[in-house]
Each structure stands twice: as C-alpha cells, then as structure tokens.
Amino acid sequence: QVQLVESGGGSVQAGGSLRLSCAASGSISRINAMGWYRQAPGKQRELVAFIRSSGSTNFADSVKGRFTISRDSAKNTVYLKMNSVKPEDTAVYYCSADLIRVGVPVSYTYWGQGTQVTVSP
C-alpha cells in the first residue's frame, strides 16, 4: 500500500507564509511526479503546482511568483512554500503522487487526505 501524509496547514494572515509537506510511504518503486491541488468551498479541485522526477515544475497562474515547490527524493517528500498568501488561497490542499509501486508495471495517482489552509484578510 501507499500512503501520502500531509502536514503544515493552518491559519495565516494575508501576506504571510506557510509551508506544506507531504511524505509518501509504502512499497514505492518510482515516483514520477508529486504535486499539490486545492479545493475551495463550492469550487472544483484545481492544480496548484507539481514537480517531476526531473526537477521541472509547473504552477497555476494564480500562484506563480508566490509559491514554490521542492522535493526531497531521498525522503519521498514534496514541499509547497506559500508566500504572500491571499484570502483566495483559502482551501483544502491535497497532495498527489504519480508513482509506480513495487511489482506493479504501471503508474497510478495517489492522494493525501487533505490539509486546510485558511488565509484571513
């Protein structure tokens, strides 16, 4: 089995910073990419950022220049540093990983349980 465990969510004032972490564990052979999605009340889940095994990254336009994503491959962990946060960043943030399990020939996407981020004006 594979588990993704997020941490670091909470409440912050607008303009502040927050760092989210997500650690993948289990029978993992290879991680192709890890990333973060978010879902605000009444809205669809949307991509925030992801990082590939090559180190290349992609960001949603709404967070470019404010958020950074990084990874520690040895720990199967991905981080999302959120700077200059805005009230519209308020959402449940979900970690995802596209990975290959030991003994399984194809990759699947796994999800964490989500962590709440609340930004007050």
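Residues numbered from 1 in each chain as written. Predicted model: local features only at pLDDT ≥ 70, side-chain atom pairs only at ≥ 80, totals over all residues. Heavy atoms only, no water.

(A) Expanded view of the environment of Phe50. You can see Phe50 is positioned in strand β5 (residues 46–52). Of the residues examined, Phe50 reaches a relative accessible area of 21% and is grouped as partly exposed. For Phe50 and Trp36, which are 14 residues apart along the polypeptide, the C-alpha to C-alpha distance reads 6.2 Å. What Phe50 contacts, discounting residues up to four positions off in sequence, is Met34, Gly35, Ser56, Thr57, Asn58 and Ile69. (Helix = DSSP H or I, 4+ residues; strand = E, 2+ residues; numbered from the N terminus. Buried < 20%, exposed > 50% of the residue type's maximum accessible area, 1.4 Å probe, protein only. Contact = heavy atoms within 4.5 Å.)

(B) Geometry of the packing of aromatic side chains. Taken as a whole and assessed by the stated rule, the structure comprises 1 aromatic pair. Ring geometry for Tyr37 versus Trp111: centroids 5.0 Å apart, planes at 65 degrees, classification edge-to-face. Linking Tyr37 in strand β4 (residues 28–39) with Trp111 in strand β10 (residues 107–111), this pair joins segments that are 74 residues apart in sequence. One cation-aromatic arrangement involves Arg45 over Tyr94; the distance from NZ or CZ to the ring centre is 3.7 Å. Lying over the aromatic face of Trp111, Arg45 brings its terminal NZ or CZ to 4.8 Å of the ring centre. (Phe/Tyr/Trp six-rings, centres within 6.5 Å; stacked < 30°, edge-to-face > 60°. Lys NZ or Arg CZ within 6 Å of the ring centre and 35° of its normal.)

(C) Local environment of the nonpolar core. Met34, Trp36, Leu80, Met82 and Tyr93 are the most contacted members of the largest nonpolar core, which totals 31 residues. Sorting the residues of this core by element identifies β1 (2–7), β3 (18–26), β4, β5, β7 (67–72), β8 (77–82), β9 (91–101) and β11 (115–120) as the ones contributing at least two each. Here this core gets 5 residues from one element, more than from any other, and that element is β9. The residues contacting Tyr93, other than those within four sequence positions of it, are Glu6, Leu20, Trp36, Tyr37, Arg38, Val48, Phe67, Leu80, Met82, Gly114, Thr115 and Val117. (Core = buried A, V, L, I, M, F, W, Y, C linked by side-chain atoms within 4.5 Å.)

(D) Spatial organisation of the side chain of Arg66. The topology assignment puts Arg66 in the loop between β6 (57–59) and β7. A distance of 3.0 Å separates the side chain of Arg66 from the backbone oxygen of Ser84, its partner in a polar contact. For Arg66, the contacting residues outside a window of four places in its chain are Lys81, Met82, Asn83, Ser84, Val85, Lys86 and Asp89. (Polar contact = N/O pair within 3.5 Å; in protein donor to acceptor, adjacent residues only side chain to side chain.)

(E) Summary view of the pattern of salt bridges. According to the stated counting rule, one finds 4 salt bridges in the structure shown. The residue Lys64 makes a salt bridge to Asp61 at a minimum N-O spacing of 3.1 Å. Across the pair, Asp61 and Lys64 agree in class, each one exposed. Beyond isolated ion pairs, a larger network of salt bridges with shared partners links Arg38, Glu46, Arg66 and Asp89. (Salt bridge = Lys/Arg side-chain N within 4 Å of Asp/Glu carboxyl O.)

(F) Up close: the sheet that holds β3. Read from one edge to the other, the open sheet built from 4 strands follows the order β1-β3-β8-β7, with strand pairing classed as antiparallel. Strands at the two margins of the open sheet, each flanked by one partner only, are β1 and β7. Sheet twist, expressed as the mean angle between neighbouring strand axes with direction ignored, is 15 degrees. Direction of pairing for β1 relative to β3: antiparallel, over a ladder of 6 bridges. Bridge pairing in β3 places Gln3 opposite Ser25. (Pairing = 2+ DSSP bridges. Axes fitted to C-alpha atoms, helices over the stretch in contact; angles between N-to-C directions.)

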